[in-house]
Amino acid sequence: QVQLVESGGGLVQPGGSLRLSCAASGSIFSINPMGWYRQAPGKQRELVAEWYSSGTTSYADSVKGRFTISRDNAKNAVYLQMNSLVPEDTAVYYCYAHIRSTRSDSWSTYWGQGTQVTVSS
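What counts and what doesn't
Throughout this description, residue numbers start from 1 for each chain and increase along the sequence as written. Since the coordinates come from a predicted model, pLDDT governs what is reported: local features require at least 70, and pairs of side-chain atoms require 80 or more to be given and counted, while whole-chain, interface and lining totals use all residues. Water and hydrogen atoms play no part in the side-chain values, which are based on all heavy atoms of the structure. A pair of cysteine sulfur atoms is labelled a disulfide when the two atoms are within 2.5 Å. Secondary structure is summarised from DSSP: a helix means a run of H or I of at least four residues, a strand means a run of E of at least two, and numbering begins at the N terminus for each. Accessible area is worked out with a 1.4 Å probe on protein chains only. A residue is then buried under 20% of its type maximum, exposed over 50%, and partly exposed in between. Whether two strands pair comes down to DSSP finding at least two bridges between them.

Asker: Give me the state of the cysteines: which residues, what numbers.
Answerer: Under the defined criterion, the tally for this structure stands at one disulfide. Linked covalently through their sulfurs, cysteine 22 and cysteine 95 form a disulfide whose S-S length is 2.0 Å. Where cysteine 22 bonds to cysteine 95 through sulfur, the torsion about that S-S bond is close to 50°, and the disulfide is right-handed. Residue cysteine 22 is found in strand β3 (residues 18-25), and its partner cysteine 95 is found in strand β9 (residues 91-101); the two are separated by 73 residues along the sequence. An identical accessibility class is assigned to cysteine 22 and cysteine 95; each is buried.

Asker: Tell me about unusual backbone geometry, and name the residues and values.
Answerer: The peptide bond linking asparagine 32 to proline 33 adopts the cis configuration, its omega dihedral lying at -5°. One can find proline 33 in strand β4 (residues 28-39). With phi around 50°, asparagine 76 is a residue other than glycine that occupies positive phi space. Of note in this structure, serine 84 is not a glycine but carries a positive phi near 50°. Here serine 84 lies in the loop between β8 (77-82) and β9.

Asker: Please set out the pairing of β4 residue by residue, giving values where relevant.
Answerer: As defined by bridge partners, β4 adjoins β9 across nine bridges and the pair is classed as antiparallel. When the sheet's bridge partners are listed, tyrosine 37 is paired in β9 with tyrosine 94. Pairing of β4 with strand β5 (residues 46-51) involves five bridges; the strand directions are antiparallel. Each residue of the ladder has a partner; that of arginine 38, found in β5, is glutamate 46. Hairpin connection, β4 to β5: the antiparallel pair is bridged by six residues, and glycine 42 has positive phi, about 75°.

Next comes the structure, spelled out in structure tokens:
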């Protein structure tokens, strides 16, 4: 029932910017939290940023001050504004959402399909 669709990846030069988007659809009662992971080839998956309903946000040290996570609750969407990109940011970025459906008492984590971000001259 629940699906996450993300977009916004691409090729960008060092110092450039990209904005990733992720929208959840389906039988959704509540989402908390929502955020982004990334994974480079041969590397462990890294938590990039999280947004909590309390208003708290969390960032990996490697992106702090350069990336900003935001959420549109009305659209069940989360965004990642990435500025001052460096080659080390190159990875597949996955959005996730911890969701309670309208037909269940339990919560489950859902993942987007992934979008490639490549930072290179």
